[in-house]
Amino acid sequence: MWKSSDIDPKIFYPSILLLFLVSIPLLIWPEQSFVYLDSLKVWIENYFGLGYIWLAIAVLIFVAYLSYGEKGKLRLGKMKPRYSDYSWASMLFCAGVATGILYWGIIEWAYYYDLPPLGVEARSTKAIEWAATYGMFHWGVLGWAFYALPGVAIGYFYYVRKIPRLRMSTACAEVLGDKREGWLGKSMDTFFMIGLLGASGTSLGLGTPMVASGLAEILGMEESFFFQVIVICFCTLIFATSVSLGLDKGIKRLSNFNTAFAFIFLTFILIAGPGAFILKMTTNSVGLMLQNFIRMSTWTEPLANTRFVEDWSIFYWAWWTAVGPFMGIFIARISEGRSIRQIIGGTILFGSLGSILFFGILGNYSLHQELSGGVSLTEYIAAGQAPQGIIAIIQSLPFGKFVLVLFCFMAVVFMATSFDSTSYILASNSSPDLSENEEPARWHRLFWAIALVLLPIALMWVGGLDALKTIVLISALPLVLVYVLMMISLLRALKKSEP
């Protein structure tokens, strides 16, 4: 039952208002919105793109310092962790990747094959090697460091300093002081809500067409925008049910199941597909990434204008920036009893290894299809049919129709495990004080589960990958400063804490 006491009106209502102010114009004026978003994307990349690169490097250095420093052994909360390592890692990974790992894990290399990084010739042997590597890099340690920092910062102030609010302003308490309860703190928490809504809208806007394309193929139906809306509403029903059950009964069980199911699915592809090629390419990519990590992290393409860095690396760092605070709150919520070192190390290790598995197996299977003359993803992309290309790749496996059913099932569950977590955190952030074991009101969690679908529907209506990227770039921009304040705040707080 709805109660006004279940929400913080200074955060809840501005977030809803901004969500409508962004979504409604996209639905009413899709063509004009597409043109405007495209020009805005280029402007943000040109003038603020370098800041995202600097931030990614700074965050990784900072969490490494925290992990290996004298405060690395400091535990957050009671001594015994609330969840087992498997459940903790499962919830963390499933919430952090959503359907994006399935979408980009299969297809990302294809964009780099025709427009490779570092001045490499398109469609050359080197282009193939870098294409198979850059996805792992974008989903690797730099990205997961964006999750680890707010997880530690929010968890420290929540469990150690006993500030009873799972919010971004909580992570900056040492810098904000009394202003944390004023307009500055509320603005920061509202910016977090908008950043999360934008990043989640992008993820749903990419994953839904892929799932819809697969279901249309299975059911023999015609794919359309209306069909995509039906699919996203169906998925909403699933993760609304999960989030209404809470952490233990809903999110944990769904995450545990999906992790096991995903590994079985990947093992099947490795065995049924060109296993030797997949293993060789994955090993080669990991080695290439390790050898060139600093180069890849700092490459800004100053003497050329292919816009690879702007269109991909900067987009990814913006996406991780926008989603990072959400994951930080979620990680803090599930990490009671773990040390700073365990949270940072586990987040980066489990996240990066999981991403390597998905990109290594899914990506290199689809790459083999391209090189062997099976299914050409680059042709699908050129025709503007990336989701259909992904479905064609899955159907090329043995027992293709059956495997496609399993793939769509897994994609829906991945979507549910991520967005029930998102709904949970949106409700937590816009709730009043919450004790360590208290959850947001059920109606509040359900409300955000439903509200989440508005922006992705608008983005699918506008169409185009650039529109999705632009929303991420815009929504993440205010959070760059928040990350800087978070690092300063945590550093000051830890210096005052007991050794």
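Residues numbered from 1 in each chain as written. Predicted model: local features only at pLDDT ≥ 70, side-chain atom pairs only at ≥ 80, totals over all residues. Heavy atoms only, no water.

**Student:** Please clarify how the overall build of the protein should be interpreted in this entry.
**Tutor:** Along the backbone of the protein there are 20 helices and 0 strands. Taking 23 Å as the expected radius of gyration for a compact globule of 499 residues, we find that the protein reaches 21 Å, a close match to that expectation. Looking at the protein as a whole, 62% of its 499 residues are labelled buried. Long-range pairs, those at least 24 residues apart, make up 83% of the contacts in the protein with a sequence separation of at least 6. Surface exposure of the protein reaches about 19,000 Å², of which carbon and sulfur atoms provide 66%. (Helix = DSSP H or I, 4+ residues; strand = E, 2+ residues; numbered from the N terminus. Rg over C-alpha atoms; globule rule 2.2 N^0.38 Å. Buried < 20%, exposed > 50% of the residue type's maximum accessible area, 1.4 Å probe, protein only. Contact = heavy atoms within 4.5 Å. Areas by Shrake-Rupley, 256 points an atom, 1.4 Å probe, with all protein chains shown as cover.)

**Student:** In this structure, what is going on with the nonpolar core? I would like to understand it.
**Tutor:** A general tendency of soluble globular proteins is for nonpolar side chains to be buried together. In this structure, Leu 102, Phe 407 and Phe 414 are the most contacted members of the largest nonpolar core, which totals 175 residues. Apart from residues no more than four positions distant in its own chain, Phe 414 is found in contact with Phe 93, Cys 94, Val 97, Ala 98, Thr 99, Ile 101, Leu 102, Asn 258, Ala 262 and Phe 358. (Core = buried A, V, L, I, M, F, W, Y, C linked by side-chain atoms within 4.5 Å.)

**Student:** Could you clarify how one ought to interpret the pattern of salt bridges in this entry?
**Tutor:** Side chains that differ in charge, positive against negative, can pair when their charged atoms come close. Scanning all chains against the criterion turns up 8 salt bridges. The closest approach of N and O atoms between Arg 307 and Glu 45, which form a salt bridge, is 2.8 Å. Separated by 262 residues along the polypeptide, Arg 307 in the loop between α12 (293–298) and α13 (308–334) and Glu 45 in helix α2 (residues 30–68) bring together distant segments of the chain. Close ionic contact of Arg 161 with Glu 174 constitutes a salt bridge, the shortest N to O distance being 3.1 Å. Of this pair, Arg 161 sits in the loop between α6 (141–160) and α7 (168–171) while Glu 174 sits in helix α8 (residues 173–176); the two residues are 13 residues apart in sequence, bridging distant segments of the chain. Taking relative accessible area as the criterion, Glu 174 reaches 17% and is therefore assigned buried. When salt bridges that share partners are traced, they join Lys 41, Glu 45, Arg 307 and Asp 311 into one network. (Salt bridge = Lys/Arg side-chain N within 4 Å of Asp/Glu carboxyl O.)

**Student:** What is the right way to look at unusual backbone geometry in this model?
**Tutor:** Excluding glycine, a negative phi dihedral is what most residues carry, and trans is how most peptide bonds are arranged. Notably, Leu 118 is not glycine yet its phi reads approximately 60 degrees, a positive angle. The topology assignment puts Leu 118 in the loop between α4 (100–114) and α5 (125–138). For Leu 118, a relative accessible area of 23% corresponds to the partly exposed category. Phi at Arg 307 is positive, roughly 65 degrees, even though this residue is not glycine.

**Student:** What is the right way to look at the side chain of Thr 208 in this model?
**Tutor:** By secondary structure assignment, the location of Thr 208 is in helix α9 (residues 183–219). We classify Thr 208 as buried; its relative accessible area is 1%. Discounting chain neighbours no more than four positions away, the residues touching Thr 208 are Gln 228, Val 231, Ile 232, Met 415 and Met 460.

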